[in-house]
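Breakdown of the fold
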Amino acid sequence: MRLEPRPRPTVLHTLGYPAGAIAVTVVFASMLVLIAGANPFSVFWLVIKGAAGSQFAFMETLTRATPLIFTGLAVAVAFRARLWNIGAEAQLYIGAVMTVVLGTGAVALPAVALIPLIMVAAMLAGALLLLGPAVLKIRFGVDEVVTTLLLNFIVLLFVSMLLEGVLKDPTGLGWPQTKKVIDAAELPRLVKGRRLHWGFVLAIASAVVTWVIMKKTALGYEMRAVGHNPEAARFAGIPVNRVLMKTALLSGGLAALAGFSEVAGLKGNLTLDLSPGFGYTGIVVAMLAMLNPLGVVLSAVFVAGIFVGADAMSRSAGVPSYIAQVMVAAALLTMVAAIMLSRFRIRWR
Amino acid sequence: MRVSGRTEAGNPVLRLTGITKQFGALKANDGISLSLGRGEVVALLGENGAGKTTLMNILFGHYVADAGRVEAFGEALPPGDPRAALSAGIGMVHQHFTLAGQMSVLDNIALGTQPLFSLRFDRSGAKAKILKLAGDFGLDVDPDALVQSLSVGERQRVEILKALYRDARILILDEPTAVLTPQETDALFATLKKLVDEGLSVIFISHKLHEVMAVADRVVVLRAGRMAGEVAVADTDRHQLATMMVGQEIAPPDIAPAVPGPALLSLRGVHAAGQGGGPALHGIDLDLRGGEITGLAGVSGNGQAALAALIAGTASPSAGQIVIKDATVTRWSPREALAHGIGRIPEDRHATGMIDDMSVAENVISETYRSARFSRHGFLDWGAARAFAEAIIAAYDVKCPSPDARVRLLSGGNMQKLILGRALDGAPSVILANQPTRGLDVGAVSYVHARLLDARARGAAILLISEDLDEVLALSDRVVVMSKGRLSSPSARGERSLAEIGQLMAGHGFEGTAHAA
């Protein structure tokens, strides 16, 4: 068996295979639902209803999608330049740390100044966190998959240390959590009485800006060139190492915004369970979007919908909400296979 | 044109009849028939893409033909079985050798001939057999030497010995002279003579006319997958073969005498690290003068890659100087090279020349996207990029559907035209042309040559690096020879004989020049 590139992927290939991937995912999940002893049709209906069946449900989905848009963008940008950033989780937490460091009263500024200041600080922290692995890759050829992945655990332990130490809320009854951010550092709710907040608008704006960078600017061009063929890029005079470093800064900054938005818009303070793996799920989101920044918004809403809908479903149908993770994982695997099949054909010999 | 009768007695040892093989819309082989007699050398002549390789792949069972049959020694070979041809006594010497460098010559030759689970290996018997074969056929090589210590010519002898050790009676040589010096080529031809005197038969694949004339009894010419003719060498000449191969008269490029100007780029005592496994550069002195093509001859892998990287800007000298228009260069990078007006045609179109998965427009601006022409405040002007791509497509006659087409879809010749268009845009004063015609068909080759000569006529200094010695000698006003990272002194067109150039390519005669510099 071997793979041959398709000279011209047709519409059938670029749309048909992803549609087939979703179909395979649904069939696979249905089998698991059957094993769990429930009716797949009613379970999927409950998932859809739970994710988008009401204004409340859909806003919950968008709330859950917000951090995934940021981490998905971070991954999409980095993967486009073939910088394998698996560390969006760590960058998210560093962004959250900067938010509580500056936002819990240490800096007294009106909201119009404080929120941009916190955002910039969070992005800088996330950017610098990814710059380290990028420099190690460029200088010494250290595999960034390993360094960024391991940084996730280091940063989580570091945050744990802060939560038990300098950042611990003295009035928190001993829980490992920080103080709440002050009002001026809070991202307001979009709709009264709903959890959806301005972080979602910020995420959409980030997606548009990222799309413009990738499609319209010299930097985006350089990143794509470096990702496709670094040797040819270097020959043409594109400063490959500098481009990789800029990519790292952009990617780390975007991931850090996820942490900022979760703390300032939703949770109010930092705890160790701020992110149930948003950094890792961002990889799925980016891959499902085929690394397109605008596609990231759609795929983040899709993935968030599965999670939110599965939570609602599990309460009424008694099927564990783990089915959501299985579905997302299956969707990723089938989508990767579909992307490959849309670009290559398999020859049996 | 007269088709020769059988020159040998008896049945042919190998007969291909009506071989047809289609890949999609392309007929790679269309009804090709070929027979090989005992003690005969048949040359398979044809341009790149004429179908030579496909035919050999069918013979060796790598492809299954759509129609036609293969017979060796009177018995049909089952299609699609690579071992059938080997066990029928057909041996192939590939252009790119298949030897393990860390192992001895003896082990390389015996590799695969021993049973997998046998404990005993009769080394002395194997050695004796190799030495006898080597003595009989003038394939002088030490069986105990490590392959990595051998020269290219010696490695080729090991490959031939490998086939003979397996009792091959039919030997197929694929472009065997591409990597050899003229002297090594002569030695190879002497060996071939001895082989046919012993009754072996040889198929000699080449696109070099003079070699075919020198070594073959009969020539089968392929053109675009079809048989363009079959003649006995005694009944033909180079001119007729060229016409058969190309299908039309090709006039050699009409080259006006050079009007050399001042040196536009000079290397002064340059040392630099090796590239791609090649040797490092030792004290290179080279002047590239305006209005002149300087040709670099040499067996590939002797430092050409390092010299090309130096001029393209992808490598910097570790010692010595690059002087451009009387000023010593202090900072050196691809961008600096471009800023100094160096147009670069890289050796490998796919690996370094173009980004296959990006569009034509994206590729043509890759060297200039930062200029005011294509960008403003960090934003790219894709309209201007497309217009530039359209201009190159029109001016260089590139066959491509649109500026937005991915480069991967283009043929090699069209890709090379895009690279030419990009490199020659803005009338560079110095042009690095590294293997500019490798793998191109005749039409594209003469197009590339014409464009290089145009650039020469307007006063550009051109460095032509090519594995094809004929190309270097045909185009160059001056020739320098590279061997083991050293560069010979230049010689004007026709000043050194082919034999002298061959001596230099083999690494002889450098001691004096190294110090004279």
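Only a predicted model underlies this, so the values are computations on that prediction, with no experimental measurement involved. (Residues numbered from 1 in each chain as written. Chains lettered and ligands numbered in written order. Predicted model: local features only at pLDDT ≥ 70, side-chain atom pairs only at ≥ 80, totals over all residues. Heavy atoms only, no water.)

1. Comments concerning the sheet that holds strand 7 (residues 170-174) of chain B
Residue and element names in this part refer to chain B. Spatial strand order, 6-7-8-3-9-10: 6 strands in an open sheet with mixed pairing. At either end of the open sheet lies a strand with only one pairing partner, and these are strand 6 (90-93) and strand 10 (226-232). For this sheet, the mean angle separating the axes of adjacent strands, direction not counted, is 15 degrees. Pairing analysis gives 6 bridges linking strand 9 (residues 218-223) to strand 10, with the strands arranged antiparallel. If you follow Arg 223 over to strand 10, its bridge partner there is Arg 226. Contacts between helix 5 (residues 152-165) and the sheet are confined to strand 6 and strand 7, with strand 6 contributing the most and set at about 170 degrees to the helix. Docked against the sheet, helix 6 (residues 182-197) engages strand 3 (41-45), strand 7 and strand 8 (201-206), running at close to 150 degrees with respect to strand 8. (Pairing = 2+ DSSP bridges. Helix = DSSP H or I, 4+ residues; strand = E, 2+ residues; numbered from the N terminus. Axes fitted to C-alpha atoms, helices over the stretch in contact; angles between N-to-C directions. Contact = heavy atoms within 4.5 Å.)

2. Looking at helix 11 (residues 278-288) of chain A
Turn by turn, an α-helix covers 3.6 residues, leaving residues three or four places apart pointing in a common direction. All names here are of chain A. Burial within helix 11 is extensive, with 9 of its 11 residues counted as buried. Listed in full, the buried residues belonging to helix 11 are Phe 278, Gly 279, Thr 281, Gly 282, Ile 283, Val 284, Val 285, Ala 286 and Leu 288. Of the surrounding secondary structure, the elements contacted by the buried residues of helix 11 are helix 3 (55-80), helix 4 (88-103), helix 10 (240-267), helix 12 (293-317) and helix 13 (322-343). Positive phi shows up at Met 290, right after helix 11, with a value of about 50 degrees. (Buried < 20%, exposed > 50% of the residue type's maximum accessible area, 1.4 Å probe, protein only.)

3. Description of the pairing of strand 11 (residues 263-272) of chain B
Residue and element names in this part refer to chain B. Pairing analysis gives 6 bridges linking strand 11 to strand 12 (residues 281-289), with the strands arranged antiparallel. When the sheet's bridge partners are listed, Ser 266 is paired in strand 12 with Asp 287. One ladder, built from 5 bridges, connects strand 11 with strand 14 (residues 319-324); its direction is antiparallel. Within strand 14, the position partnered with Leu 265 by the bridge is Ile 324.

4. Quick word on a nonpolar patch on the surface
All names here are of chain A. On the surface, Trp 84, Val 145, Val 146, Leu 149, Leu 150, Phe 153 and Tyr 280 cluster together into a nonpolar patch covering about 570 Å² of accessible area. Take the nonpolar patch: its biggest share by element is 5 residues, from helix 6 (residues 144-164). Here Trp 84 lies in the loop between helix 3 and helix 4. The class for Trp 84 is partly exposed, based on a relative accessible area of 33%. (Patch = residues over 30% accessible without salt bridge, like charges linked within 9 Å, V, L, I, M, F, W, Y side chains within 5 Å. Areas by Shrake-Rupley, 256 points an atom, 1.4 Å probe, with all protein chains shown as cover. Salt bridge = Lys/Arg side-chain N within 4 Å of Asp/Glu carboxyl O.)

5. Digging into the sheet that holds strand 12 of chain B
Residue and element names in this part refer to chain B. Strand order in the open sheet formed by 4 strands is 12-11-14-15, and the pairing between neighbours is antiparallel. In this open sheet, the two edge strands, each paired with only one partner strand, are strand 12 and strand 15 (327-328). Strands strand 11, strand 12 and strand 14 of the sheet are contacted by helix 9 (residues 304-312), whose axis makes an angle of about 55 degrees with strand 12.

6. Concerning the domain arrangement of chain B
Domain assignment breaks chain B into domain 1 (12-89 + 170-250), domain 2 (102-168), domain 3 (256-341 + 429-436 + 458-517) and domain 4 (352-427). Just the C-alpha atoms count here: the centres of domain 2 of chain B and domain 3 of chain B sit 38 Å apart. (Domains from an automatic or database assignment.)

7. Description of the packing of helix 4 (residues 123-137) of chain B against helix 5 of chain B
Residue and element names in this part refer to chain B. Axis separation between helix 4 and helix 5 bottoms out at 10 Å; the angle between their running directions is 115 degrees. By the angle between their axes, helix 4 is roughly perpendicular relative to helix 5. In this structure, helix 4 meets helix 5 at a crossing whose hand is right-handed. For the pair helix 4 and helix 5, contact is made by Ala 126, Lys 129, Ile 130, Leu 133, Ala 134 and Phe 137 and by Leu 161, Leu 164 and Tyr 165, respectively. (Parallel < 35°, antiparallel > 145°, perpendicular 65-115°, else oblique. Left-handed = near helix turned anticlockwise from the far one by under 90°.)

8. Considering the UniProt feature "transmembrane region" (unreviewed entry) in chain A
Residue and element names in this part refer to chain A. UniProt annotation of "transmembrane region" (unreviewed entry) refers to residues 21-48, 68-85, 92-111, 117-136, 148-167, 196-214, 277-310 and 322-341 when read in the numbering used here. The distance from the first to the last C-alpha atom of residues 21-48 is 18 Å, and the span holds 86% helix and 0% strand. For the annotated span residues 148-167, helix accounts for 85% and strand for 0% of the residues, and the straight-line distance between the end C-alpha atoms is 25 Å. (UniProt positions renumbered as here; feature names shortened; annotations may be inferred.)

9. So, the pairing of strand 1 (residues 14-23) of chain B
Two faces, one strand: in a regular strand the side chains alternate between the faces of the sheet. All names here are of chain B. Relative to strand 2 (residues 26-36), strand 1 is paired through 7 bridges, and the arrangement is antiparallel. Looking across to strand 2, one finds that Ile 19 is bridged to Ile 32. For strand 1 and strand 4 (residues 67-72), the ladder comprises 5 bridges, and the chain directions are antiparallel. Across the sheet, residue Leu 14 finds its bridge partner in strand 4, namely Ala 72.

10. Some words on the pattern of salt bridges
Under the criterion given, the structure shown has 29 salt bridges over all chains. One salt bridge in this structure joins A:Arg224 and B:Glu362, with 2.3 Å as the shortest N-O distance. Of the two residues, A:Arg224 sits in helix 8 (residues 218-228) while B:Glu362 sits in helix 12 (residues 360-364), which places them in two different chains. The two residues A:Arg224 and B:Glu362 agree in class, both being buried. B:Glu292 is paired through a salt bridge with B:Arg289; the nearest N and O atoms lie 2.9 Å apart. When its relative accessible area of 27% is taken as the criterion, B:Arg289 is described as partly exposed. Ionic contacts of the salt-bridge type, sharing partners, join the residues B:Glu40, B:Arg218 and B:Glu230 into one network.

11. A word on the packing of helix 3 of chain A against helix 10 of chain A
Residues and elements named next belong to chain A. At a minimum axis distance of 7 Å, the contact between helix 3 and helix 10 shows a crossing angle of 170 degrees. What the angle tells us is that helix 3 and helix 10 run roughly antiparallel. Of the residues in helix 10, those in contact with Thr 63, Thr 66, Pro 67, Phe 70, Thr 71, Leu 73, Ala 74, Val 75, Val 77 and Ala 78 of helix 3 are Thr 247, Leu 250, Ser 251, Leu 254, Ala 255, Leu 257, Ala 258, Ser 261, Glu 262 and Leu 266. When the residues that make up the contact of helix 3 with helix 10 are grouped by side-chain class, the tally is 13 nonpolar, 6 polar and 1 charged. (Nonpolar A, V, L, I, M, F, W, Y, C, P; charged D, E, K, R; others polar.)

12. Let's talk about the interface of chain A and chain B
Residue-level contacts link 27 residues of chain A with 28 residues of chain B. Buried surface at the junction of chain A and chain B, both sides included, amounts to about 2,300 Å², of which 58% is carbon and sulfur. Contact with chain B buries area across many residues of chain A, yet A:Tyr221, A:Phe235 and A:Ala236 alone supply 32% of it, more than any other trio. Every element with two or more residues in the side of chain A that touches chain B is listed here: helix 7 (198-216), helix 8 and helix 9 (230-235) of chain A. Counting residues per element, the side of chain A that touches chain B draws most heavily on helix 8 of chain A, at 6 residues. Counted by class, the side of chain A that touches chain B contains 12 nonpolar, 4 polar and 11 charged residues. (Buried area = accessible area lost by both parts, 1.4 Å probe.)

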